[in-house]
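Coordinates in review
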Amino acid sequence: MSRHYYKAKQTAYLITQNKELAEEIVQDAFLICYQKLHLLRNPACFQTWFYKILVRMSKKALQKEKWLTFLSFRDDLEINGFNYEEMANNQNELYLALYEAINQLRPALRTVVILYYFNDMPLSEIATVLACREGTVKSRLFHARKKLEIVLRQSDALSRSFDYFKRRKNECQTNY
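Here we summarise the structure given alongside this text. Remember, predicted model here, so these are calculated numbers, not experimental data.

Before going further, it helps to spend a moment on the overall build of the protein chain. From N to C terminus, the protein chain includes 8 helices and 2 strands. Classification of the 176 residues of the protein chain by burial places 44% in the buried group. Summed over its atoms, the accessible surface of the protein chain is roughly 10,200 Å², and 50% of this surface lies on carbon and sulfur atoms.

Here is the structure:
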């Protein structure tokens, strides 16, 4: 459970943008998984199954509570094992612009970006989690990248953020 907890918390937080709500969602998602584990036919699919539950619960909470606050708990958030505050000391402007740009995306696009870039999920797995076609995931990712490019290109100092997405895209394409 602990190996999935921090990534799950990060995912729920990035969708809901609320630390306490994200923690509650993750706990509830693990509880549902524990209670319904006997229904999981293929244990190898646990991660996909879990994230499908987690994303669905996060979206419902976002709609129900209308949480649209922007990174209100930034200093407490750990991203990929690094404390945001430590990262902010080194590259505050870059990370802040990137997260502001991501948070400007509509929820469907933001969710795809979070699952793809922050959780390193393949397109097929994201499609399963979101219960949509892989082509829909590709389209959302394309539109998200275009919107992020527009926002990030507005500042010369922050154009490096978009280059990260381009590099990540190229890395993923070479892996297939």
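Applying the stated rule across the entire model yields 2 salt bridges. One salt bridge in this structure joins Glu23 and Lys9, with 3.2 Å as the shortest N-O distance. One end of the pair, Glu23, is in helix H2 (residues 19-36); the other, Lys9, is in helix H1 (residues 2-16), and 14 residues separate them in sequence. Here Glu149 and Lys146 are joined by a salt bridge, their closest N and O atoms 3.9 Å apart. Taken as a pair, Glu149 and Lys146 lie in helix H7 (residues 134-153) at a separation of 3 residues, close to a single helical turn. Lys146 sits in the partly exposed class, given a relative accessible area of 38%.

Another point: the side chain of Asn18. You can see Asn18 is positioned in the loop between H1 and H2. Engagement of the side chain of Asn18 in a polar contact is seen with the backbone nitrogen of Leu21, the distance being 2.8 Å.

For the rest of this paragraph, the subject is the environment of Tyr116. Inspection of the secondary structure puts Tyr116 in helix H5 (residues 107-118). For Tyr116 and Val137, which are 21 residues apart along the polypeptide, the C-alpha to C-alpha distance reads 9.6 Å.

Here the focus is the environment of Arg140. Residue placement: Arg140 occurs in helix H7. Residue Arg140 is classed as partly exposed on the basis of its relative accessible area of 21%. Expressed as a C-alpha distance, the spacing of Arg140 and Val113, which sit 27 residues apart in the sequence, is 8.5 Å. If near-sequence neighbours (up to four positions away) are discounted, Arg140 is found in contact with Ala108, Leu109, Val112, Leu130 and Cys132.

Both trends apply: most residues other than glycine have a negative phi, and most peptide bonds are in trans. Even without a glycine there, the phi angle at Asp120 is positive, about 50°. Tracing the sequence through the fold places Asp120 in the loop between H5 and helix H6 (123-130). Residue Asp120 is classed as partly exposed on the basis of its relative accessible area of 47%. The backbone of Ala131 shows a phi angle near 55°, a positive value even though the residue is not glycine.

With respect to the element layout, Met121 can be found in the loop between H5 and H6. Since its relative accessible area comes to 2%, Met121 is described here as buried. Between the C-alpha atoms of Met121 and Gln47, which are 74 residues apart in sequence, the distance is 9.9 Å. Apart from the residues lying within four places of it in its own chain, the contact partners of Met121 are Gln47, Tyr51, Leu115, Tyr116, Ile126 and Val129.

Quick notes on the rules
- Residues numbered from 1 in each chain as written.
- Predicted model: local features only at pLDDT ≥ 70, side-chain atom pairs only at ≥ 80, totals over all residues.
- Heavy atoms only, no water.
- Helix = DSSP H or I, 4+ residues; strand = E, 2+ residues; numbered from the N terminus.
- Buried < 20%, exposed > 50% of the residue type's maximum accessible area, 1.4 Å probe, protein only.
- Areas by Shrake-Rupley, 256 points an atom, 1.4 Å probe, with all protein chains shown as cover.
- Salt bridge = Lys/Arg side-chain N within 4 Å of Asp/Glu carboxyl O.
- Polar contact = N/O pair within 3.5 Å; in protein donor to acceptor, adjacent residues only side chain to side chain.
- Contact = heavy atoms within 4.5 Å.

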